[in-house]
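Report on the structure
Chain by chain, the residues run as shown.
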Amino acid sequence: MADITRAEIEDFLYREAALLDEWKLEEWLELLTEDAAYYVPPNDHPEGDHHTVLFILADDIVRIRERVKRLMSPECHAEYPHSRTRRLISNVRIVSAEGDTVTVAANFICNRFRRYERVREYVGAYRYVLKRVGKELRIKERRVIIDAHELGSLGAVSFIL
Amino acid sequence: MPRSYIVDDPEKRQFLLDREVHVSETVLRDEMAHIFAKCWIYVGHSSELKKPNDFVTRRVAGRPVIFNRDMRGDIHCFLNTCRHRGAIVCTEREGSRRAFRCVYHGWAYRNDGTLGGVPGEEAYKGEFDKSTLGLKQPARFESYRDFWFLNLDPDAPALTDYLGRATEYIDLVVDQSPSGQMEIVAGAQEYDIAANWKLMVENSVDDYHLPSTHATWLNYMANSGVKIERPSEGRVLPTKGLAIDLGNGHFTTDNVNFRGRPVAAWIPIYGEDAKPEMVEIRRELDARVGAERARRIAETNRNLVIFPNLVINDGSSVTVRTFFPDGPKKMQVSAWALGPVEETPTARSRRLDAFLTFYGPGGFATPDDVEALELVQQGLVNWEDDRWTEMSRGMGREGDQLNSDEHHLRIFWRKWNQMMEAV
């Protein structure tokens, strides 16, 4: 992955952001590897390990797929009707590249709107491990680190952040 | 003439609740004086303070406090307020400190609360006695099996008397540990819900809502190979569950488990690899507490409410959850995972993973609870034109009381109403 450019990674992250904001979650699943993981560490231990620290969310690929099923169900009350989200990604950096994987850091602001509610603004950092599969990039690990000291009025992380 | 917020009519088998209780600033002010300043309120767990000098800071009953061990290892609770001008004296969330020094004028308190250094002390000429200016403590501070509570009322009964029969159920939770020692796992879940705090009390034990609110969680369980039986005649839940009055406003559900338990009730979500270790956990439990008690610990689950605002959910995992009003229409929730101190890394990892299948802001169920409570609060804007909440379900039922009825919710509301009538 020594030849990978920031522009290629940015294109990939922007594409992912669009799929998430448009609730095309089945298509989003196709961006993941067969062993993908998705983590949201707790606000008070952002660098913790999910085997020893209680996370907000720690999914393997099986549970990511179940999460998408849940999110697309009208019985997922927290997200039905779906939140409108709009995420802005910047400060994209290649942290390291090794073999067929690259570790990427980025900052994000994700605005979430729901009925009767004013905006909820999630601010933080993304950390990705991306893998080259053929010509495509795939997400092997996706970690979302929220800056706030507690979730507070952000309430739930009920959508894919 | 005290006013009642409930209509409790055993003859008509009718129980109604005045919706003003969820919206009113006046009610909240009275709750502060007559409930939060009179009851034992959960502060923290001994395991959060592993070594001498360890501390955490948090808000308890709305008050900023320091929960710490002093140099000798004794556990304290102090109001996090300088005796000089009132500033917060400990600004960190957790850590290890022998002293707390106020940044404003530099008054420094030892971690047993006594006032040590006062810069320029010689300027005080009159009545100034440092020995009376230690950090203030709540009137009472006591523990049961490492759960520490404060009470702002010096005349309150002893904590163990207050807990009464609830101790039986705390014991069932704590006895999961071979050494009888549980610990709070690192990683707090702290979130707000735009709803009155008492709606969380109801929600934590109300199993009537499970099939509709948590349909997607039940689907997830079923998709993962967990056997979910169709409720038999007269039931709304896959297994039988009871609602049990524990006295003093405390109550619990007591359910036949179907959802899996890290203490020794395997479900496919845990994976085949987990089986041998879970058999071993169960064997240790059987040997230590006997077959009948082991069955209760492993094969039943319970959501326990310690009046007014502590919930221990001993279900898919163990969560210790407390919440406090931030105005009548908002609450702040703190939740932690609890596990045996001697748990192996694989068992601990399984416990935390099981927690996330259901609980917390990213779980498969809690976000829908949050949604339901917020919808209630939004609907209650109409309270003056639609005044009464209907809470008569199962009233007058003979014999066992069901977790899917509202028996236990009525226990809470009767106790709450009785304390508010003292206003």
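That block above? That's the structure.
Report follows, based on the coordinates. (Residues numbered from 1 in each chain as written. Chains lettered and ligands numbered in written order. Predicted model: local features only at pLDDT ≥ 70, side-chain atom pairs only at ≥ 80, totals over all residues.)

1. Some details on the environment of Ser204 of chain B
All names here are of chain B. Looking at where Ser204 falls in the secondary structure, it is placed in helix H4 (residues 197–205). Sequence separation between Ser204 and Leu242 is 38 residues, and the spatial gap between their C-alpha atoms is 14 Å. When near neighbours in sequence (up to four residues on either side) are disregarded, Ser204 contacts Asn303, Val305, Val311 and Asn313. (Helix = DSSP H or I, 4+ residues; strand = E, 2+ residues; numbered from the N terminus. Contact = placed C-beta atoms within 7 Å.)

2. Examining the pairing of strand S16 (residues 300–306) of chain B
Residue and element names in this part refer to chain B. A large share of S16 lies buried, amounting to six of its seven residues. Pairing of strand S15 (residues 250–256) with S16, which is carried by four bridges, proceeds in the antiparallel orientation. Bridged to Val256 within S16 is Thr300. Direction of pairing for S16 relative to strand S17 (residues 310–314): antiparallel, over a ladder of five bridges. Paired with Arg302 across the bridge in S17 is Asp314. (Buried ≥ 20, exposed ≤ 12 C-beta atoms within 10 Å, placed from the backbone. Pairing = 2+ DSSP bridges.)

3. Thoughts on the pairing of strand S2 (residues 14–18) of chain B
Residues and elements named next belong to chain B. Burial along S2 is one-sided: the residues Phe15 and Leu17 are buried and none of Gln14, Leu16 and Asp18 is. Both strand S1 (residues 6–9) and S2 contribute to a ladder of four bridges, which runs antiparallel. Counterpart to Asp9 in the pairing with S2 is Gln14. In this structure, the hairpin formed by S1 and S2 is closed by a connection of four residues, where Arg13 is found at a positive phi of approximately 50°. As paired elements, S2 and strand S20 (residues 388–390) share three bridges and run antiparallel to each other. Counted as the bridge partner of Asp18 is Trp388 from S20.

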